Amino acid sequence: MKIVETIKEVREQVKEWKKQGLSVGLVPTMGYLHEGHKSLIDRAVAENDKVVVSVFVNPMQFGPTEDLESYPRDMERDAALCENAGAALVFHPEPSEMYEDDFSSFVDMNTLTGGLCGKTRPIHFRGVCTVVAKLFNIVTPDRAYFGQKDAQQLAVIRHMVSDLSFGIEIVGCPIIREKDGLAKSSRNTYLSAEERNAALILSQSLKEGKALVEAGEKDAAKIKKVITDKINTEPLAKIDYVEVVDWKTLEPVSTIDAPILTAIAVYIGKTRLIDNFII
Ligand code: PAF
């Protein structure tokens, strides 16, 4: 497995593969890889001849008061995980390689990005779309893999790919959880032992909400209330949002009669965690 830092090196390698008629899968990440990322790489390795993993903590998707500086990084461990999982190339650029001083073109979206995480992270999806569009242009993959844990991101990227005719298949992969239900996230590392325990309230509350939908409840307000009440039983938890939205438009629904995304963002201490179910 090769690790490269420049766009030129990625392009040369991918050009070589394409000359040989090989298919290419891309797994975009911000590093500090865990089982969730590994599941994306495993799937990409199973479905493509060559897999590129990008490891880039993208400054453009962090707000001024967010955790860009403290975001966990461990390139050595990430490289080992990628190699063991069968990736062929890791692209690990410096910010200056991705964004030159006079960088001034962005990919923005008028729909899907205003609600859910977009409400409290107003510049986030512009940063995500811009970096993912750049990665697509650099790697030119046949398929790209994203986790359902960031469900809004998955919907936004699918929409961007369709709008801008990227001709890349976007593969959404299931949420990977710890044994006790906590969704895997690089940000779980911020949690103290007490907070780690409190964080279980996310998956537990969603489990109750999901059971209600499965039992035939159609009233979104009731589902939101069950989830909200459960989260509020945990003193360390502070709700950012609990939403039931249409899985296609991401607009809030009052009655459930089409596929829905039930998504939550909750602060456990200072750490903001997200989780969801789609049904
Ligand atoms: O999901 C992430 O880790 C990031 O948002 C992504 C897609 C790698 C873009 O920086």
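Just so it is clear, the structure is predicted and the values come from calculations on it, not from any experiment. (Residues numbered from 1 in each chain as written. Predicted model: local features only at pLDDT ≥ 70, side-chain atom pairs only at ≥ 80, totals over all residues. Heavy atoms only, no water.)

All right, on to the environment of Asn188 then. In this fold, Asn188 is placed in the loop between strand 6 (169–173) and helix 8 (193–198). Taking the C-alpha atoms as reference, Asn188 lies 9.3 Å from Arg272; in sequence the two are 84 residues apart. With near-sequence residues (within four places) excluded, Asn188 lies in contact with Leu182, Ala183 and Leu273. (Helix = DSSP H or I, 4+ residues; strand = E, 2+ residues; numbered from the N terminus. Contact = heavy atoms within 4.5 Å.)

On to the pairing of strand 6. Strand direction decides the pairing type here: strand 5 (residues 143–147) and strand 6, joined by 5 bridges, are parallel. Bridge pairing in strand 6 links Gly147 to Cys173. Crossover strand 5 to strand 6 through helix 7 (residues 151–163) is right-handed. (Pairing = 2+ DSSP bridges. Right-handed = clockwise from strand over helix to strand, strands pointing away.)

Spatially, 3 strands are ordered 7-8-9 in an open sheet, and the strand pairing comes out antiparallel. The two strands at the open ends of the sheet, each matched to only one other strand, are strand 7 (237–246) and strand 9 (271–278). The mean inter-strand angle of the sheet, taken between neighbouring strand axes irrespective of direction, is 15°. When strand 7 meets strand 8 (residues 260–268), the two strands line up antiparallel, connected through 9 bridges. Bridging across to strand 8, Asp246 finds its partner in Ile260. On the sheet, helix 10 (residues 220–231) packs against strand 7 and strand 8 and is oriented at approximately 160° with respect to strand 7. (Axes fitted to C-alpha atoms, helices over the stretch in contact; angles between N-to-C directions.)

Geometric values such as these leave the question of function open.
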